[in-house]
Amino acid sequence: MEVCYQLPVLPLDRTVPQHVLGRRGAICLSSSPVLFGGPAPRQLSKRRGAISYDSSDQTALYIRMLDVRLRAQTSYTPERQERSERDERKERHERTQRRQHTHFCTDFRPLQSRIDSVGPEAQQPVRSVLSFQRNLHSSHYSRNHTQVTHHTLDQEYIGQAKCMLRKVGSWNFDIFLFDRLSNGKSLVDLTLHLFSDYGLIKLFRLDPLKLRQFLGKSAHVVMVHEAYRSQNTYHNSLHAADVTQAMYCYLQEPQLSESLTSCDILLGLLAAATHDLDHPGVNQTFLIKTNHYLASLYQNTSVLENHHWKCAVSLLRESGLLSHFPSEDRKNLEERLGSLILATDISRQNEYLGQFRAHLDRADLHLNNSQNRHFILQMALKCADICNPCRPWHLSKLWSHKVTEEFFSQGDIERRQNLDVSILCDRNSNTVAKIQIGFISFVVEPLFVEWARFSNTHLSRIMLGHMTSNKYNWTHSPQEDLSKSTQSTSFTTLPQGGLGP
């Protein structure tokens, strides 16, 4: 008889990571003959598991167990000679599937961190976890019953990701953790959740299946998630998920949430999710000097951004997600989507920043005007695209190393091809700290100071605070050589195509 677990069970084909066991506490579990009422079978003798508490920010509990089905009997027999060949084939297939499973999962349950918590969430009881003994006893009453499937969120989200999505509006949202919980599909799960949260699926009569296919994969056709190149250390689907989460935070700001239409929100989320589609991992300067066909196609102007936009439009049409829209509305939406994505061209940073500053000086950014709302969406997407230096240090540092490694990889390619190494891409003359100090000083800070003028909220103050703190950390980094002036890595005049994230 099978033990009916309430917890998700997955194989322990790798050790429990230090970032899990190094949290607030951990409890290790192992098999015991007493637990099963008889001698421990040979295949279960190395059974292990672990429970650990996550950091206080995420307030979660990790539980990881071996994926093996137990047969509870008074006298346990490891194998029954009378098993049919069909059962043997089925179990052999299941064992193969478990060995091929490369991701470990966790049971992500909210913990009541304060006894005096108030509000609707605090009043919701936390479902207790059945002990092994209770699972064992309950299994005696479930003989020949249908096996209970693992809990999922609408057959798409796993329970861990669902719990974490409750904090998706927090600026401290850990997209790296969420990506692990969603088995590397953070962009798909996050975007689906936001579409559902805003009611866009019902409002625009979107086919949920087509939306899922557009974000994930349709048959053998590559869609949004797989259109991002996973080999890129920075410009991949995880970056797109991070930008989408940041965009959601900005859409929740009072001035925007009270003024934006549902169509504005739809466009903002689509643009964030698709703004770097099929990024090759090199910048525009590289494409131009190597005579890449994309540079010729788009006449050396916003080459990457035009490519991202056209890819997004192509996938929208391929999936048929907006096929029920009137043709004129669909064309208008595609054009506005392109306008948002093209605004992320870092070489046009000063152009957009100058317009933004002029609007704020004149105090004429009235959001009842559709053109002004669209402009604010452009600025919000620009902020979301380069917001990494405004994240908490532990997240910002990770992003900084990822984007710098991508720069250096381009420099290595240029050196092998006997090309001039692009600015910031030479690992022999640049450091992560030097690049970040220049990027924050000349690109990030001017933009976010103006954004704080437009939206003087708690979030803006948090972002500016993190940015200042992170810049200080890089300046005083003991592992970096900062003897040379950061002016040598100048961002005052941005090259065409830029090098920012």
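Criteria and thresholds
- Residues numbered from 1 in each chain as written.
- Predicted model: local features only at pLDDT ≥ 70, side-chain atom pairs only at ≥ 80, totals over all residues.
- Heavy atoms only, no water.
- Helix = DSSP H or I, 4+ residues; strand = E, 2+ residues; numbered from the N terminus.
- Buried < 20%, exposed > 50% of the residue type's maximum accessible area, 1.4 Å probe, protein only.
- Contact = heavy atoms within 4.5 Å.
- Areas by Shrake-Rupley, 256 points an atom, 1.4 Å probe, with all protein chains shown as cover.
- pLDDT = per-residue confidence, 0-100.
- Axes fitted to C-alpha atoms, helices over the stretch in contact; angles between N-to-C directions.
- Parallel < 35°, antiparallel > 145°, perpendicular 65-115°, else oblique.
- Left-handed = near helix turned anticlockwise from the far one by under 90°.
- Nonpolar A, V, L, I, M, F, W, Y, C, P; charged D, E, K, R; others polar.
- Core = buried A, V, L, I, M, F, W, Y, C linked by side-chain atoms within 4.5 Å.
- Phe/Tyr/Trp six-rings, centres within 6.5 Å; stacked < 30°, edge-to-face > 60°.
- Lys NZ or Arg CZ within 6 Å of the ring centre and 35° of its normal.
- Lys, Arg positive; Asp, Glu negative; His and termini not counted.
- Salt bridge = Lys/Arg side-chain N within 4 Å of Asp/Glu carboxyl O.
- Polar contact = N/O pair within 3.5 Å; in protein donor to acceptor, adjacent residues only side chain to side chain.
- Expected span 1.5 Å × (residues − 1).

**A look at the overall build of the chain**
So, step 1. Within the chain one finds 23 helices and 8 strands.
So, step 2. Each of the 501 residues in the chain was classed as buried or not, and the buried ones make up 50%.
So, step 3. In the chain, the proportion of contacts linking residues at least 24 apart, taken out of those at least 6 apart, comes to 76%.
So, step 4. Split by element, the accessible area of the chain, about 25100 Å² in all, is 49% carbon and sulfur.

**Some words on the confidence of the model for the chain**
So, step 1. Taken as a whole, the chain shows an average pLDDT of 77; of its residues, 63% reach a score of 70 or greater.
So, step 2. Below pLDDT 50 for its whole length, residues 20-48 participates in 56 contacts with residues either more than four positions away or in separate chains.
So, step 3. Note on residues 99-157: pLDDT under 50 across the span, and 105 contacts to partners over four residues away in sequence or across chains.

**Examining the packing of helix α22 (residues 432-454) against helix α23 (residues 458-475)**
So, step 1. Where α22 contacts α23, the two axes come as close as 10 Å, and the packing angle between them is 160 degrees. On the basis of the axis angle, α22 is roughly antiparallel to α23. In terms of crossing hand, the pair formed by α22 and α23 is left-handed. Side by side, α22 and α23 meet where Val432, Ala433, Gln436, Ile437, Ile440, Ser441, Val444, Glu445, Phe448, Val449, Trp451 and Ala452 of the first sit next to Ser460, Met463, Leu464, Met467, Lys471, Trp474 and Thr475 of the second.
So, step 2. Residue classes in the contact of α22 with α23 are distributed as 13 nonpolar, 4 polar and 2 charged.

**Some thoughts on the nonpolar core**
So, step 1. Ranked by internal contacts, the top residues of the largest apolar core, which has 105 residues, are Trp171, Ile175, Tyr250, Phe356, Phe448, Trp451 and Phe454.
So, step 2. Sorting elements by how many residues they give to this core places α22 first, with 12 residues.
So, step 3. Beyond its immediate sequence surroundings of up to four residues, Tyr250 is in contact with Trp171, Leu256, Ala380, Cys383, Ala384, Cys387, Phe448, Trp451, Leu459 and Met463.
So, step 4. In this structure, Phe286, Leu287, Leu294 and Leu304 belong to the second largest nonpolar core, which totals 8 residues.

**Points about the environment of His239**
So, step 1. Within the secondary structure layout, His239 lies in helix α12 (residues 237-251).
So, step 2. Separated by 33 residues in sequence, His239 and Ala272 have C-alpha atoms that sit 9.9 Å apart.
So, step 3. Setting aside anything within four residues of it in sequence, one finds His239 in contact with Tyr234, His275, Asp276, Asp385 and Trp399.

**Thoughts on the packing of aromatic side chains**
So, step 1. One pass over the full model with this rule turns up 12 aromatic pairs.
So, step 2. Taken together through their ring pairs, the aromatic side chains of Trp171, Tyr250, Phe356, Phe375, Trp451 and Phe454 make up a single cluster.
So, step 3. Stacked on the ring of Trp309, the Lys or Arg Lys310 has its end atom at 3.9 Å from the ring centre.
So, step 4. One cation-aromatic arrangement involves Arg391 over Trp171; the distance from NZ or CZ to the ring centre is 4.0 Å.

**A look at the environment of Ser396**
So, step 1. Tracing the backbone through its elements, the reader meets Ser396 in helix α21 (residues 393-416).
So, step 2. For Ser396, a relative accessible area of 0% translates into the label buried.
So, step 3. In this structure the C-alpha to C-alpha distance between Ser396 and His466, which are 70 residues apart in sequence, comes to 9.1 Å.
So, step 4. Setting aside residues no more than four positions away along its own chain, Ser396 makes contact with Asn388, Pro389, Arg391 and Asn470.

**Examining the environment of Leu294**
So, step 1. Among the secondary structure elements, Leu294 is positioned in helix α16 (residues 293-297).
So, step 2. Owing to a relative accessible area of 6%, Leu294 belongs among the buried residues under this scheme.
So, step 3. Placed 12 residues apart in sequence, Leu294 and Asn306 show a C-alpha to C-alpha distance of 9.1 Å.
So, step 4. Ignoring any residue separated from it by four or fewer positions in sequence, one finds Leu294 in contact with Val303 and His307.

**Focus on unusual backbone geometry**
So, step 1. Phi at Arg205 is positive, roughly 55 degrees, even though this residue is not glycine.
So, step 2. Secondary-structure assignment places Arg205 in the loop between α9 (200-203) and α10 (208-215).
So, step 3. When its relative accessible area of 65% is taken as the criterion, Arg205 is described as exposed.

**Comments concerning the side chain of Asp179**
So, step 1. With respect to the helices and strands, the residue Asp179 is situated in helix α7 (residues 175-181).
So, step 2. No salt bridge is formed by the buried Asp179; the nearest opposite charge belongs to Arg180, separated by 7.5 Å.
So, step 3. Side chain to side chain, Asp179 and Ser186 meet in a polar contact 2.7 Å long.
So, step 4. In contact with Asp179, other than residues within four places in its own chain, are Gly184, Lys185, Ser186 and Leu238.

**Focus: the pattern of salt bridges**
So, step 1. Enumeration according to the criterion identifies 16 salt bridges in this entry.
So, step 2. Here Arg373 and Asp264 are joined by a salt bridge, their closest N and O atoms 2.9 Å apart. Of this pair, Arg373 sits in helix α20 (residues 370-385) while Asp264 sits in helix α14 (residues 262-274), placing them 109 residues apart in sequence. We note that Arg373, like Asp264, is buried.
So, step 3. Note that Arg357 is salt-bridged to Glu450, the shortest N-O span being 3.3 Å. Taken together, the residues Arg357 in helix α19 (residues 349-362) and Glu450 in helix α22 connect sequence positions 93 residues apart.

**Overview of α23**
So, step 1. For α23, which comprises 18 residues, the first-to-last C-alpha distance of 26 Å matches the rise-based estimate of 26 Å (1.5 Å per residue) to within 8%.
So, step 2. Elements in contact with the buried residues of α23: α12, α21 and α22.

**Here we look at the packing of α14 against helix α18 (residues 327-342)**
So, step 1. In the contact formed by α14 and α18, the axes pass within 9 Å of each other and the chain directions differ by 55 degrees. Between α14 and α18, the angle falls in the class oblique. Here α14 and α18 pass one another in a crossing that is right-handed. Residues Cys263, Asp264, Leu266, Leu267, Gly268, Leu270, Ala271 and Thr274 of α14 pack against Leu333, Arg336, Leu337, Leu340 and Ile341 of α18.
So, step 2. Considered class by class, the residues forming the contact of α14 with α18 number 9 nonpolar, 2 polar and 2 charged.

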